[in-house]
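Next come the chains, spelled out residue by residue.
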Amino acid sequence: MNKPLLAALSSLAIAGLGATPAVAAPHTAAKPTTKAAAVTVNFAGTVSLSNCSGSVIRFPNSADTDPALVMTNGHCLETGFPEPGEVITGQSSSRSFGLLNSSGTRVATLRANQVVYSTMTDTDVTIYRTTTTYAKIKSSYGISPLTVQDTHPTAGTPIKVVSGYWKRIYSCNVDGFVYRLKEGDWTWKDSLRYTSSCNTIGGTSGSPVIDTNTGKVVAVNNTGNEDGQRCTENNPCEVDANGNVTVRQGINYAEETYLIPACFTTGNKLDLSAAGCTLPKP
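Since this is a predicted model, take the numbers as computed values, not measurements.

Moving on: the state of the cysteines. Applying the stated criterion across every chain yields a total of four disulfides. Across the disulfide, Cys172 is cross-linked to Cys198 (sulfur-sulfur distance 2.1 Å). Linking Cys172 and Cys198, the disulfide has an S-S dihedral of approximately -95° and is accordingly described as left-handed. Of this pair, Cys172 sits in strand 10 (residues 168–183) while Cys198 sits in the loop between strand 11 (186–194) and strand 12 (208–211), and the two are 26 residues apart along the sequence. Neither Cys172 nor Cys198 differs from the other in exposure class; each is buried. Numbered by order of appearance in the sequence, the disulfide-linked cysteines of the protein chain pair as 1-2, 3-4, 5-6, 7-8.

Put into structure tokens, the structure is as follows:
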């Protein structure tokens, strides 16, 4: 994983945990038509955590008066990695986040009051509820949240991985999708694989992956194969539907987020029983 920076600074390597997505899936690029103008992607709406990156997010149906949500990785959870099969909901939290403006300057500190959802099963995500609203953040700091796309990303799409921890932006394309990505004890489904120029490092865990055509979040950055090892921590492997294993040293991955909006209803409230919600349940 692009580990959280627990003990990473001493080794100046990737600090974070991994999950287990897998082999390429069949979502291929559509035939190009008229090329859309690229959206300007900067640091506005991203956050820095003590050991990871993240972003203030909203869903297509969120209201400005809803409590603002922050998204990062499951392996960035302050109480430690969720176990395989574990799903955490409604856990109290007082975690703080440094809110960044477009140039990467910290302009405010946001604070959580709840871990709304966290897991490292099938995906690698934590969503926090903060003590403020989107409207208050906008009026106070002029910063809007990033919108999570509710449709599957497409291979070939130009993307940027925006790290609030390092204040660094990586640019590449969606290389493809992984049936299962396995790292240590964790396995993730339908993971997004980057082309090689997104060489993310420790501390980039939880960074939003933004489609530069739309400006929307399509995934959350989480891992990469550092040493060429097979299916070990920090060395995820791809597993296809037939069980064939592929190791891609130096290649990095993210977990798709399009499934998340269906699990949130009015008021940004989590409802894992909502129609269309397929996130893992406790």
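Anyway, onward from the coordinates.
Among the secondary structure elements, Gln114 is positioned in strand 6 (residues 106–119). Taking relative accessible area as the criterion, Gln114 reaches 19% and is therefore assigned buried. For the pair Gln114 and Thr130, spaced 16 residues apart in the sequence, the C-alpha separation amounts to 7.2 Å.

What follows concerns the confidence of the model for the protein chain. Here the protein chain averages 90 in pLDDT, and 88% of its residues register 70 or above. Between residues 6–34, whose pLDDT stays under 50, and residues either more than four places distant or in other chains, the model counts 112 contacts.

It is worth spelling out the packing of aromatic side chains at this point. Following the criterion strictly, the structure yields four aromatic pairs and no others. Aromatic pair Phe59 and Phe264: ring centres 4.7 Å apart, planes at 35°, arrangement tilted. Of the two residues, Phe59 is situated in the loop between strand 2 (53–58) and strand 3 (67–72) and Phe264 in strand 17 (residues 264–265); the sequence distance between them amounts to 205 residues. Residue Phe264 is classed as buried on the basis of its relative accessible area of 9%. Between Phe81 and Trp186, the ring centres sit 5.9 Å apart and the planes meet at 90°, which makes this aromatic pair edge-to-face. Remark: Trp186 occurs in strand 11 and Phe81 occurs in the loop between strand 3 and strand 4 (87–92); sequence separation between them is 105 residues.

What counts, and where the lines are drawn
Residues numbered from 1 in each chain as written. Predicted model: local features only at pLDDT ≥ 70, side-chain atom pairs only at ≥ 80, totals over all residues. Heavy atoms only, no water. Disulfide = S-S within 2.5 Å. Helix = DSSP H or I, 4+ residues; strand = E, 2+ residues; numbered from the N terminus. Buried < 20%, exposed > 50% of the residue type's maximum accessible area, 1.4 Å probe, protein only. pLDDT = per-residue confidence, 0-100. Contact = heavy atoms within 4.5 Å. Phe/Tyr/Trp six-rings, centres within 6.5 Å; stacked < 30°, edge-to-face > 60°.

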